[in-house]
Amino acid sequence: MEKQQPPPPLFLFLLLLLLPPATTAAAPSSSSALDPKQLRALQSLNIPTSDDPCSPSFHDNATLCDSSAPFRHLLSLRLANCSDDVALSFTALKSLSTLRSLQFLNCPISPIRFPADLAASLRSFTCVASLHRLTGVWLSRLRNLTDLTVSHVSITASGPYVILGNMKSLTSLTISHANLTGFIPKHLNPNLTHLDFSNNKLRGKIPTSVTLLENLEFLNLSLNSLTGEIPTSIGDLISLQNLSLASNLLSGSIPESFSAIPGLVHVDLGSNHLNGTIPRFISEMKGLKYLNLENNQFHGVIPFNESFIKRLEVLKIQGNNNLCYNHSILSSKLKLGIPPCDKHGLPIPPPPGKDDGDSMWDDDGGSDYDGSEENDDSSQNHKEENHHHGPNKVVLGVAIGLSSIVFLIVFSVLMSKCCR
């Protein structure tokens, strides 16, 4: 009788894969209960805990837990649309010192001082329309944050530096609609990728500290009282995609260094006191989708062609009284909100009896600027053609002749009566 050969190693490997699960080692369970102290803390904040707070479906993912055992701990907590009877307690917050992210959304409750452990643990803090009477000193204690968002909350502080002076790890910063006064800090964290100080009461010039942020992708300083010129070093923001400096008191021209920012998608410089001509390099920005230059003091001929304008999703250039477009390049049907240029590159005034606005340039009347004598002649002919609805020259001459004859007859009659 032949000896039976042992099964090959590959066969044994496949056999192990086919064995029932009972024969394999049990995986560690991640269904541990939440730490009882943290459970009581959630209950004190009027958060229902009948369901497992660590469940992915709990309160639309209002919480996030770790996987430690025997008890799990909260890593993230979001409080939204709080009721009037919700109040923060020092004891509850002390139990939540494992939190890395804390969000208050529409929770108009009074803030209290955070326990030191919680303040040191937090990496992300969001407060939108919540926590009345915030102060810069209160926020400054959250010194290990990488992400700070405060919006639609009034902050009492002498300036942003009071808040940011000790925050060395910030990469995303939003303080908007906060009535924040003072100046933009002269020192900002170089790792910032998102900076939003919109809708505050900040004043002074845009400091060079802003243009040193090489990783910055989003910059919004709109709706403040910033003065001076746009820094010439703005082009150093090589990662910038979204820029808004609208509704300030900025003056001067658009710096040429803008052309060095390759990825700009959104540019809003509207409602300032900017002047000069619009740089031609703007039309060479391939990724640009939103451009707002309205309500400034720009003059001259806009350097845009139709293909560039149609590539944009939004273009706003009205409100610049000395700005016009070359009618031989751009059609009035584009509704730019500015008049065509005459042969000197100046805006053609609106026809008498018509209000300002796009509608007055709907027809093809008027000449435009392109610097050629040939265009001057064709422009003059075009003007004459547009007056074909006026009186015919022959009819006008006959009328004048008849009037003269009548006058002579009347004059002769009067003279003959006087001489009798």
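Residues numbered from 1 in each chain as written. Predicted model: local features only at pLDDT ≥ 70, side-chain atom pairs only at ≥ 80, totals over all residues. Heavy atoms only, no water.

As recorded in an unreviewed UniProt entry, the chain goes by the name Receptor-like protein 51, listed as coming from Momordica charantia. In its Subcellular location (unreviewed entry) section, UniProt records this for the chain: "Membrane". (UniProt positions renumbered as here; feature names shortened; annotations may be inferred.)

Q: Help me understand the environment of Asp-196, please; the structure alone is not making it clear to me.
A: For Asp-196, the location among the structural elements is in strand S12 (residues 194–196). On the basis of relative accessibility, which here comes to 10%, the residue Asp-196 falls in the buried class. Spatially, the C-alpha atoms of Asp-196 and Ser-172 are 8.6 Å apart, while their sequence positions differ by 24 residues. When neighbours within four sequence positions are excluded, Asp-196 is seen to be in contact with Leu-173, Thr-174, Ile-175, Ser-176, Phe-218 and Asn-220. (Helix = DSSP H or I, 4+ residues; strand = E, 2+ residues; numbered from the N terminus. Buried < 20%, exposed > 50% of the residue type's maximum accessible area, 1.4 Å probe, protein only. Contact = heavy atoms within 4.5 Å.)

Q: What am I meant to see in the packing of aromatic side chains here?
A: How two aromatic rings sit relative to each other is given by the distance of their centres and the angle of their planes. In this structure the tally under the stated criterion is five aromatic pairs. Ring centres of Phe-114 and Trp-138 lie 4.9 Å apart, and the angle between their planes is 70 degrees; this geometry places the pair in the edge-to-face category. With Phe-114 in the loop between strand S5 (101–105) and helix H4 (116–121) and Trp-138 in helix H5 (residues 136–140), the pair connects residues that are 24 residues apart, well separated along the chain. Across the pair, exposure class does not vary: Phe-114 and Trp-138 are buried alike. These aromatic residues form a ring-pair network of at least three members: Phe-104, Phe-114, Phe-125 and Trp-138. (Phe/Tyr/Trp six-rings, centres within 6.5 Å; stacked < 30°, edge-to-face > 60°.)

Q: Help me understand the pattern of salt bridges in this model?
A: Close approach of charged atoms allows side chains of opposite charge to pair. Scanning the model with the defined rule gives one salt bridge in all. Between Lys-310 and Glu-306 there is a salt bridge, and its shortest N-O distance comes to 3.0 Å. Separated by four residues within a single helix, Lys-310 and Glu-306 lie in helix H8 (residues 306–311), roughly one turn from each other. (Salt bridge = Lys/Arg side-chain N within 4 Å of Asp/Glu carboxyl O.)

Q: Teacher, can you tell me more about the state of the cysteines here?
A: Linking two cysteines covalently through their sulfur atoms gives a disulfide. Scanning the entire structure with this criterion turns up three disulfides. Between Cys-54 and Cys-65 runs a disulfide, and the two sulfur atoms are separated by 2.1 Å. With the S-S dihedral at roughly -90 degrees, the linkage between Cys-54 and Cys-65 falls on the left-handed side. Placement of the pair is Cys-54 in the loop between helix H2 (36–44) and strand S2 (63–65) and Cys-65 in strand S2, with a sequence separation of eleven residues. A relative accessible area of 11% means that Cys-54 is categorised as buried. We classify Cys-65 as buried; its relative accessible area is 11%. Note on cysteine connectivity: Cys-324 is disulfide-linked to Cys-341, with sulfurs 2.0 Å apart. The sign of the 105 degrees torsion about the S-S bond sets the Cys-324-Cys-341 disulfide as right-handed. With Cys-324 in strand S23 (residues 322–324) and Cys-341 in the loop between S23 and helix H9 (373–385), the pair connects residues that are 17 residues apart, well separated along the chain. A relative accessible area of 0% places Cys-341 in the buried class. Indicated for the chain is the disulfide connectivity 1-2, 3-4, 5-6, based on numbering the bonded cysteines in sequence order. Here Cys-127 stays unpaired: no disulfide links it, and the sulfur of Cys-107, its closest cysteine neighbor, is 8.8 Å away. (Disulfide = S-S within 2.5 Å.)

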